[in-house]
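# Residue-level structure breakdown
Listed here are the chains, written in short residue letters.
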Amino acid sequence: MSLTDFSVPRKWINAGLSLFYPEVCQICAGQRATPKEGFVCADCWRNVRFIKPPFCERCGLPYEGEITTAFECSNCREMELYFTSARSAVVAKNLVLDVIHRYKYSCALWFEPFLADLLIRAAKPVLETQSWDFIVPVPLHPLKKREREFNQAERLAKQLSCATKISMNASLLERVEPTRTQTELTRPQRMANVQRAFRMKNNARLNGEKIVLLDDVLTTGATTSACAKVLQKAGAGEICVWTVARGL
């Protein structure tokens, strides 16, 4: 039985983690932190910066200072985005960025409760005021998924689905091109990199369903916009994006 299996009861996962990892913060190694807390202590938690207004109405990019009217950032004005809006829970800097990288690239699944908690704290109150049909995780290419052993977006989408009671649907989209890592690319290169990376599975069609696209990090919005474009062409209604973190 694998820790990557969604069917494994949480108490068994916590018990298994306790056998291999002492209940100490995996960031600072100086304070107590439990599996339930994602092995992140209260002191390290204080380094997390939740995103609050003002921010771009389209992509959620936060701004410092006093802005009292709705605005759209220069990134959104220069890009053709196919989602209605994008929001992120926290800023992708320092601790959060380190945790996400270790979670994704080193299979550090013990951080998942921490990341899911960040996402749920920010997204649940907003999503519950509206009506949504599906949470759709951004898919990984099969080669990358085999290499990584899991899709972080799908796991986080499952957690958000449980918290909000919005059904997760991971069978709509598929990634058909093993694209380069977006972090290495400029904004125009990111857009070109994912232009034909996604398609509907089995030529699936939609009938105006309202969809929440879910990913771990949003920077320019190129990847989620490419997904939204495919969903829109297949008949989706409103599409919003939620991510754990927002790159600056």
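Residues numbered from 1 in each chain as written. Predicted model: local features only at pLDDT ≥ 70, side-chain atom pairs only at ≥ 80, totals over all residues. Heavy atoms only, no water.

For the rest of this paragraph, the subject is the packing of aromatic side chains. Two descriptors summarise a pair of aromatic rings, namely the distance from one centre to the other and the angle between the planes of the rings. Inspection of the entire model under this criterion finds 4 aromatic pairs. Plain terms: the ring middles of W45 and F50 are 6.2 Å apart, the flat faces sit at 20° to each other, and that makes the pair stacked. A connected cluster of aromatic rings, assembled from ring pairs, spans W45, F50 and F114. K210 extends its terminal NZ or CZ atom over the ring of W132, reaching a point 4.8 Å from the ring centre. (Phe/Tyr/Trp six-rings, centres within 6.5 Å; stacked < 30°, edge-to-face > 60°. Lys NZ or Arg CZ within 6 Å of the ring centre and 35° of its normal.)

So, on to unusual backbone geometry. Note that the residue after P53, namely P54, is joined by a cis bond; omega there is 5°. If you trace the backbone, P54 turns up in the loop between α2 (42-45) and α3 (74-78). Positive phi is not limited to glycine here, since C107 has a value of about 55°. Tracing the backbone shows C107 in the loop between α4 (94-105) and α5 (112-127). C107 sits in the partly exposed class, given a relative accessible area of 26%. (Helix = DSSP H or I, 4+ residues; strand = E, 2+ residues; numbered from the N terminus. Buried < 20%, exposed > 50% of the residue type's maximum accessible area, 1.4 Å probe, protein only.)

This part takes up the packing of α5 against helix α7 (residues 152-164). The contact between α5 and α7 brings their axes to 9 Å, and the two run at 45°. The pairing of α5 with α7 is recorded here as oblique in orientation. In this structure, α5 meets α7 at a crossing whose hand is right-handed. For the pair formed by α5 and α7, the contact residues are E112, L115, A116, L119, I120, A123, K124 and L127 on the first element and R155, L156, Q159, L160, A163 and T164 on the second. Counted by class, the contact of α5 with α7 contains 9 nonpolar, 2 polar and 3 charged residues. (Axes fitted to C-alpha atoms, helices over the stretch in contact; angles between N-to-C directions. Parallel < 35°, antiparallel > 145°, perpendicular 65-115°, else oblique. Left-handed = near helix turned anticlockwise from the far one by under 90°. Contact = heavy atoms within 4.5 Å. Nonpolar A, V, L, I, M, F, W, Y, C, P; charged D, E, K, R; others polar.)

Everything listed is a geometric property; what it means functionally is a separate question.
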